[in-house]
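Residue-level structure breakdown
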Amino acid sequence: MVGHAARDEAAGIADAPWPPHFQKMAGEGPRVAPSRDAVVWTANNKMYPGEYPFPMSPQFAPPYRAYRIAQLLRARRTYDVPYFAAMQMDALSLPERELARDVAPMLRSRDASLAAELAGWNGVMDGDSTTATIVESLRLNLTHRTTGRVPTLLMQPISARALRAAPLTSPEPWRVAGAVPVLHALSSLGINFLDGTTLPGYGDALTLHVQYPGYGQSFRAVWDVGNWDAGGITLPQGESGEIASTHYTDQAQAWIAGRLWPLPFSDAAVQRTAATREMLTP
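Summary of the structure given here. One numbering rule holds for all chains: residues counted from 1, following each sequence as written. This being a predicted model, a pLDDT of at least 70 is required before a residue's local features are given, and a value of 80 or more before pairs of side-chain atoms are given or counted; all residues contribute to the totals for chains, interfaces and linings. The side-chain numbers reported here are obtained from all heavy atoms of the structure, hydrogens and water having been left aside.

1. Looking at the overall build of the protein chain
For clarity, the cut-off: Helix numbers and strand numbers start at the N terminus; a helix is a DSSP run of H or I with at least 4 residues, a strand a run of E with at least 2. A 1.4 Å probe rolled over the protein chains alone gives each residue an accessible area, and that area as a share of the maximum for its type sets the label: buried under 20%, exposed over 50%, partly exposed in between. Between two residues, a contact is recorded if the distance between any of their heavy atoms is within 4.5 Å. In these tables, accessible area is a Shrake-Rupley quantity obtained with a 1.4 Å probe, and a residue counts as shielded only by the protein chains included in the view.
Looking only at helices and strands, one finds 11 helices and seven strands in the protein chain. Looking at the protein chain as a whole, 33% of its 282 residues are labelled buried. Excluding contacts between residues fewer than 6 apart, the proportion of contacts in the protein chain whose partners are at least 24 apart in sequence is 57%. When the accessible surface of the protein chain is summed, it comes to about 18100 Å², and 57% of that surface belongs to carbon and sulfur atoms.

Structure, rendered in structure tokens:
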């Protein structure tokens, strides 16, 4: 009886008309006109102008990632699967580069070599970069972020006192300082043998390659519309949730390297690439 009641209630909700303002939003939502050559992108940023009449969300991601996507899309006129796969591995952090160049003059009297390093830094949160570690430490110190490593926009003027407190010497490479362990839910109880692969530091919260302690992308994929077999998909660890399975973390190294696993779509491609088969019968 409970099941029938829940089903009937759900059917009633589905059949009920939406309130008028929701219907109006559905008909006038942000959109791009049909086109054969339009380029459209989003990165959880606010994608409609200030005069748009309907409230969509009280919070949006800063526009840095969307801006970087636009840069890369406008860099060429045609695209392919490898190009989009490379975009997903882009580790240029525009706000960190901006911060490094703003701070550099203030550090010139304290450490001229470091000031020159920051002023000339390319902004890439690469695993081998120690400058990336320094700049991330500066941002955390200047924003009083004592827990986690989510880079945020500066909320106060840069002060000499804050710079003096920032750890600027003997930095670890970003692959170490920004490493992200993939923790199982039971790790909070001290059960760690179920944890996955530790991902080396690469990118941050405001790069296309989103990764910082406590957060990361759930998957990366590229679909080639009309040529579906050409696409690919990769998970941070593996498809299986069973630790004894060979598929528990078998995609981790491909994930770290930025390789897409084949994603067969057509029947022929599935038959050609299948490694194992499981028959389900009534």
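2. Some points on the sheet that holds strand β6 (residues 232-234)
The criterion, for reference: Should DSSP find at least two bridges between two strands, the strands are taken to pair.
Ordered in space as β5-β6-β7, the three strands form an open sheet in which the pairing is antiparallel. In this open sheet, the two edge strands, each paired with only one partner strand, are β5 (220-222) and β7 (261-262). The pairing of β6 with β7 spans two bridges and is classified as antiparallel. Paired with I233 across the strands is W261, a residue of β7.

3. Let's talk about the packing of helix α6 (residues 112-119) against helix α7 (residues 130-142)
Definition in use: Axis geometry follows a simple rule: fit a line to the C-alpha atoms, using only the stretch in contact for helices, then measure angles between N-to-C directions, giving values from 0 to 180 degrees. Should an angle fall under 35 degrees it is taken as roughly parallel, and over 145 as roughly antiparallel, whereas 65 to 115 is taken as roughly perpendicular and any remaining angle as oblique. Note on residue classes: Ala, Val, Leu, Ile, Met, Phe, Trp, Tyr, Cys and Pro are nonpolar, Asp, Glu, Lys and Arg are charged, and everything else, Gly too, is polar.
Direction vectors running N to C along α6 and α7 enclose 95°, while the axes themselves pass 11 Å from each other. Regarding the angle of α6 to α7, the classification is roughly perpendicular. Residues L114, E117 and L118 of α6 touch α7, and the partners they reach there are T130, T131, I134, V135 and L138. A per-class count over the contact of α6 with α7 returns five nonpolar, two polar and one charged.

4. Description of helix α3 (residues 64-74)
Counting buried positions over the 11 residues of α3 gives eight, a clear majority of the element. Check the buried side of α3 and you find it contacts α4 (81-88) and α5 (94-103).

5. Observations regarding the pattern of salt bridges
Put simply, the rule reads: Within this document, salt bridges are pairs made up of a side-chain nitrogen of Lys or Arg and a carboxyl oxygen of Asp or Glu, the two lying within 4 Å of each other.
Across all of its chains, the model carries three salt bridges by this definition. Here E96 ties to R139 by a salt bridge, and the two come within 2.7 Å at their closest N and O atoms. Here E96, found in helix α5, pairs with R139, found in helix α7; they are 43 residues apart in sequence, far enough to count as distant. E96 gets classed as buried once you look at its relative accessible area, which sits at 0%. Here R175 and D128 are joined by a salt bridge, their closest N and O atoms 2.5 Å apart. Separated by 47 residues along the polypeptide, R175 in helix α9 (residues 174-177) and D128 in the loop between α6 and α7 bring together distant segments of the chain. A relative accessible area of 38% means that R175 is categorised as partly exposed. Its relative accessible area of 58% is what places D128 among the exposed residues.

6. Considering the packing of aromatic side chains
We describe a pair of aromatic rings using the distance from one ring centre to the other and the angle between the two ring planes. Worth spelling out the cut-off: Aromatic rings from Phe, Tyr and Trp, with only the six-membered ring used for Trp, were paired whenever their centres fell within 6.5 Å, and each pair was classed as stacked if the ring planes differed by under 30 degrees, edge-to-face if by over 60, and tilted otherwise. Distance and angle both matter: a charge sits over a ring if NZ of Lys or CZ of Arg is within 6 Å of the ring centre and within 35 degrees of the ring normal.
Inspection of every chain in the model, using the stated rule, returns seven aromatic pairs. Ring plane angle 70° and centroid distance 6.4 Å describe the contact between Y83 and F84, whose orientation is recorded as edge-to-face. The buried category is assigned to Y83, whose relative accessible area is 16%. Pairing Y212 with Y215 gives two aromatic rings, centres 5.3 Å apart and planes at 20°, and the pair type is stacked. Residue Y212 is classed as buried on the basis of its relative accessible area, which comes to 17%. Aromatic rings pair up to connect Y48, Y52 and F60 into one cluster. The positively charged end of R76 is found above the aromatic ring belonging to Y83, 4.3 Å away from the centroid. The positively charged end of R220 is found above the aromatic ring belonging to W255, 3.7 Å away from the centroid.

7. Overview of the side chain of S187
As for its placement among the helices and strands, S187 is situated in the loop between β1 (180-181) and β2 (198-199). Using a relative accessible area of 17% as the deciding quantity, one classes S187 as buried. Leave out the neighbours within four places in its chain, and S187 touches N192 and D195.

8. A look at the side chain of Q88
Rule in force here: Polar contacts, as counted here, are pairs of nitrogen or oxygen atoms within 3.5 Å of one another; within protein the pair requires one atom able to donate a hydrogen and one able to accept it, and residues that are adjacent in sequence qualify only if both atoms are side-chain atoms.
Mapped onto the fold, Q88 is located in helix α4. A distance of 2.8 Å separates the side chain of Q88 from the backbone oxygen of A221, its partner in a polar contact. Sequence-distant contacts of Q88, defined by excluding residues within four places in its chain, comprise L208, H209, R220, A221, V222 and L260.

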